[in-house]
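Structural overview for review
Chain by chain, the residues run as shown.
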Amino acid sequence: MHLAELNISKWKIPATSQAARGFVDYVSRVNGVAERSEGFVWRLLDEQRDETGRNAICPDSDTVMTMSVWETPGHLEEFVWKTVHKRIYDGKDQWFEQMESHHVVFWWVDEGHTPSLFEAKERLDHLDANGDSDFAFGWSHLSDQKFGAEKRFG
């Protein structure tokens, strides 16, 4: 089994503003690092949004989303906390709103399976409605965490 993840953020400033450049200017670099990282399997490409930036998960164009698949939770943690991604994560409060619902969800997928936006939305909705389960969960539900991510995501 591989680990799928969905992460959603909603802009609190205009994405085209000078203040947003600290995030926007790094998106391609962070995506490139992810794709070259050990354990990376797949990520949703930006082309899967319509011309307004909307898709099944993010109906508002002021929302940013990533969805990816990793061989193990450890591989994802390595990318999130030990690459340039960490610097972007540390600046998230400058750019993105605090969301009331879950904004990160994980679930297991069979090796070779590419998750759909419908599947990701179903998992996120399930996590919001029911909390952690084997169907959809947050960092704290993973049993083999290496870096104590449950403390970062509460």
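Placed above this text is the structure.
Predicted, not measured: the structure shown is a model, and the values here were computed from it. (Residues numbered from 1 in each chain as written. Predicted model: local features only at pLDDT ≥ 70, side-chain atom pairs only at ≥ 80, totals over all residues. Heavy atoms only, no water.)

Quick look at the environment of His126
Structurally, the position occupied by His126 is in helix H6 (residues 117-130). Look at His126 and you get partly exposed, because its relative accessible area is 25%. Along the chain, His126 and Val105 lie 21 residues apart, while their C-alpha atoms are 9.5 Å from each other. Sequence-distant contacts of His126, that is, excluding residues within four places in its chain, are made with Gly131, Ser133, Phe135 and Ala136. (Helix = DSSP H or I, 4+ residues; strand = E, 2+ residues; numbered from the N terminus. Buried < 20%, exposed > 50% of the residue type's maximum accessible area, 1.4 Å probe, protein only. Contact = heavy atoms within 4.5 Å.)

Observations concerning the sheet that holds strand S4 (residues 104-109)
Ordered in space as S2-S3-S1-S4, the four strands form an open sheet in which the pairing is antiparallel. Edge positions in the open sheet fall to strand S2 (40-43) and S4, since each of these has one partner strand only. Across the sheet, the axes of successive neighbouring strands diverge by a mean angle of 20°, strand direction being ignored. Pairing analysis gives six bridges linking strand S1 (residues 2-10) to S4, with the strands arranged antiparallel. Across the sheet, the residue bridging to Asn7 is Val104, located in S4. (Pairing = 2+ DSSP bridges. Axes fitted to C-alpha atoms, helices over the stretch in contact; angles between N-to-C directions.)

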